[in-house]
Amino acid sequence: MRILGIETSCDETGVALYDSEQGLLGHCLYSQIAVHSEYGGVVPELASRDHVRKLLPLVDELLNDCGLQKTDIDGIAYTKGPGLVGALMVGACTGRALAMALDVPALGVHHMEGHLLAPMLETSPPNFPFIALLVSGGHTQLVRVDGIGQYRLLGESLDDAAGEAFDKAAKMLDLDYPGGPMIAKLAESGEVGRFTFPRPMTDRPGLDFSFSGLKTFTLNTVAKHAQENGLPDDQACADIACAFQEAVVDTLVIKCRRALEQEHLTTLVIAGGVSANTRLRERLELALKKINSHVFYARHEFCTDNGAMIAYAGCQRLMAQQQEGLAVKVTPRWPLDQLSPI
Ligand code: KG4
Ligand code: ZN
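For clarity, every value in this text was computed on a predicted model and none was experimentally measured. (Residues numbered from 1 in each chain as written. Chains lettered and ligands numbered in written order. Predicted model: local features only at pLDDT ≥ 70, side-chain atom pairs only at ≥ 80, totals over all residues. Heavy atoms only, no water.)

Chemist: Give me the coordination of the zinc ion (ligand 2): which residues, what numbers.
Modeler: Coordination of the zinc ion (ligand 2) by the protein comes from His 111 (NE2), His 115 (NE2) and Asp 305 (OD), over a distance range of 2.0 to 2.1 Å. Within one chain, the residues serving as donors to the zinc ion (ligand 2) are arranged as H-x3-H-x189-D. Of this pair, His 111 sits in helix 4 (residues 111–117) while Asp 305 sits in the loop between strand 10 (294–297) and helix 10 (307–319), placing them 194 residues apart in sequence. (Donors = N, O, S within 2.8 Å, 3.2 Å for Na, K, Ca; no water. Helix = DSSP H or I, 4+ residues; strand = E, 2+ residues; numbered from the N terminus.)

If you want it as structure tokens, here you go:
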């Protein structure tokens, strides 16, 4: 079965073709970063309009790259939620309309299920059951995964998501949006240990997270070392970025170990934009080796939003005969544990 995947939940227009026999045939991505960067974050209305402009040309480009026609598509999967309602509507309307015109089944996919399953696109994918750490701009969750659609939430952030915390810390240091990769880059020239930031909620039991205190700590440290231009000198900015990243990474590593031990599992999957963070990957690899466990993640381009993860997740569900009627429905808020198993 050959599935077209469409991702438009936020600020990336992503499309991909996944074949149940041959694997990923191709994918194309258009990032709206340039559209939003002057505002320091995503402007929902601009996002929707840009998806409208870019989606269909991107589908044509993808089919052209793969040497295929629209009539070679056997099913369509589009992101149904969570995400920005207008942006989701563009993908859902387009996906539904294409499916109707081509007379093929279509299905709305959960964006975080897409992220969670993205490591399945790699050459040595993880086996169920495993613990998934979902770390994106909107989510920080630890989930027990027993199979596709069999998700039990073990813990989550009580306030900001990890990616959101990276983005806000980046703003405090006057870095561009999206802040995660910017902080990671700046941290490379920072001195580990010059500043020590708190590791929130690690000294009490449980698997929940909180990043808002860390945000305040970062703000106070920036203010304390600020010069006339309102910012610390370059070295201090790098040292703050480094201390911030270490604190987030340490917190995530502690909770991942705890989740694996609690559930008696030895496989961890990290997914979502923050799973692209090299320091997080390195630290998890080291920590998990010590407890005979392994960490899996997707290649960099499939950690952040993309069409391939939606095509893959949709393909699994469409092959299990799951599909939806003609009505265009999106679900901007959608708990992961409400999904049905296949
Ligand atoms: O999964 P994603 O592309 O979109 C959402 O579903 O939210 O995640 C985007 C988030 C942003 O907050 C971005 O700053 C963060 O992932 N991010 C990173 C890195 N790359 C992206 N955070 C830390 N280090 C990175 N290398
Ligand atoms: Zn995402």
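Chemist: Talk me through a nonpolar patch on the surface; I want residue IDs and the actual numbers.
Modeler: Residues Val 85, Met 89 and Val 328 make up a contiguous nonpolar surface patch of roughly 210 Å² in combined accessible area. For Val 328, the location among the structural elements is in the segment after helix 10. Residue Val 328 is classed as partly exposed on the basis of its relative accessible area of 36%. (Patch = residues over 30% accessible without salt bridge, like charges linked within 9 Å, V, L, I, M, F, W, Y side chains within 5 Å. Areas by Shrake-Rupley, 256 points an atom, 1.4 Å probe, with all protein chains shown as cover. Salt bridge = Lys/Arg side-chain N within 4 Å of Asp/Glu carboxyl O. Buried < 20%, exposed > 50% of the residue type's maximum accessible area, 1.4 Å probe, protein only.)

Chemist: Give me the site of ligand 1: which residues, what numbers.
Modeler: Around ligand 1, 19 residues are found, and the nearest of them are His 115, Gly 137, Asp 167, Gly 180 and Asn 277. Contacts to ligand 1 include Asp 167, whose side-chain N or O atom sits 2.6 Å from an oxygen atom. Surface burial for ligand 1 is 87%, taken as the share of its 560 Å² of free accessible area covered by protein chains. Secondary-structure elements contributing two or more residues to the shell around ligand 1 are helix 4, helix 5 (162–172) and helix 6 (179–187). Here the residues of the shell around ligand 1 are counted per class, giving 5 nonpolar, 12 polar and 2 charged. (Near = heavy atom within 4 Å. Polar contact = N/O pair within 3.5 Å; in protein donor to acceptor, adjacent residues only side chain to side chain. Nonpolar A, V, L, I, M, F, W, Y, C, P; charged D, E, K, R; others polar.)

Chemist: Explain the packing of aromatic side chains to me, and be specific about the residues and the numbers.
Modeler: As enumerated under the stated definition, the model contains 5 aromatic pairs in all. A ring pair is formed by Tyr 18 and Tyr 312, whose centres lie 5.2 Å apart and whose planes are at 85°; its orientation type is edge-to-face. Residue Tyr 18 is found in strand 2 (residues 12–19), and its partner Tyr 312 is found in helix 10; the two are separated by 294 residues along the sequence. On the accessibility criterion, Tyr 312 (10% relative accessible area) is buried. Relative to Phe 217, the ring of Phe 197 has its centre 5.0 Å away and its plane inclined at 65°; by these criteria the two rings are edge-to-face. Highlighted residues: Phe 197 in the loop between helix 6 and helix 7 (212–224) and Phe 217 in helix 7, separated in sequence by 20 residues. For Phe 217, a relative accessible area of 34% puts it in the partly exposed group. If you follow Lys 80 out to its NZ or CZ, it ends over the ring of Trp 334, 5.4 Å from the centre. It is Lys 255 that lies over the ring of Phe 209; its NZ or CZ is 5.4 Å from the centre. (Phe/Tyr/Trp six-rings, centres within 6.5 Å; stacked < 30°, edge-to-face > 60°. Lys NZ or Arg CZ within 6 Å of the ring centre and 35° of its normal.)

Chemist: Quick one: what's the story with the pattern of salt bridges, residue by residue and with numbers?
Modeler: Applying the stated criterion across every chain yields a total of 22 salt bridges. When the shortest N-O distance is used, the salt bridge between Asp 146 and Arg 144 registers 3.0 Å. We classify Asp 146 as partly exposed; its relative accessible area is 34%. Taking the relative accessible area as the measure of exposure, Arg 144 reaches 15% and is therefore buried. Taken together, the salt bridges that share partners define one network made up of Arg 199, Glu 246, Asp 250, Arg 279, Glu 282 and Arg 283.

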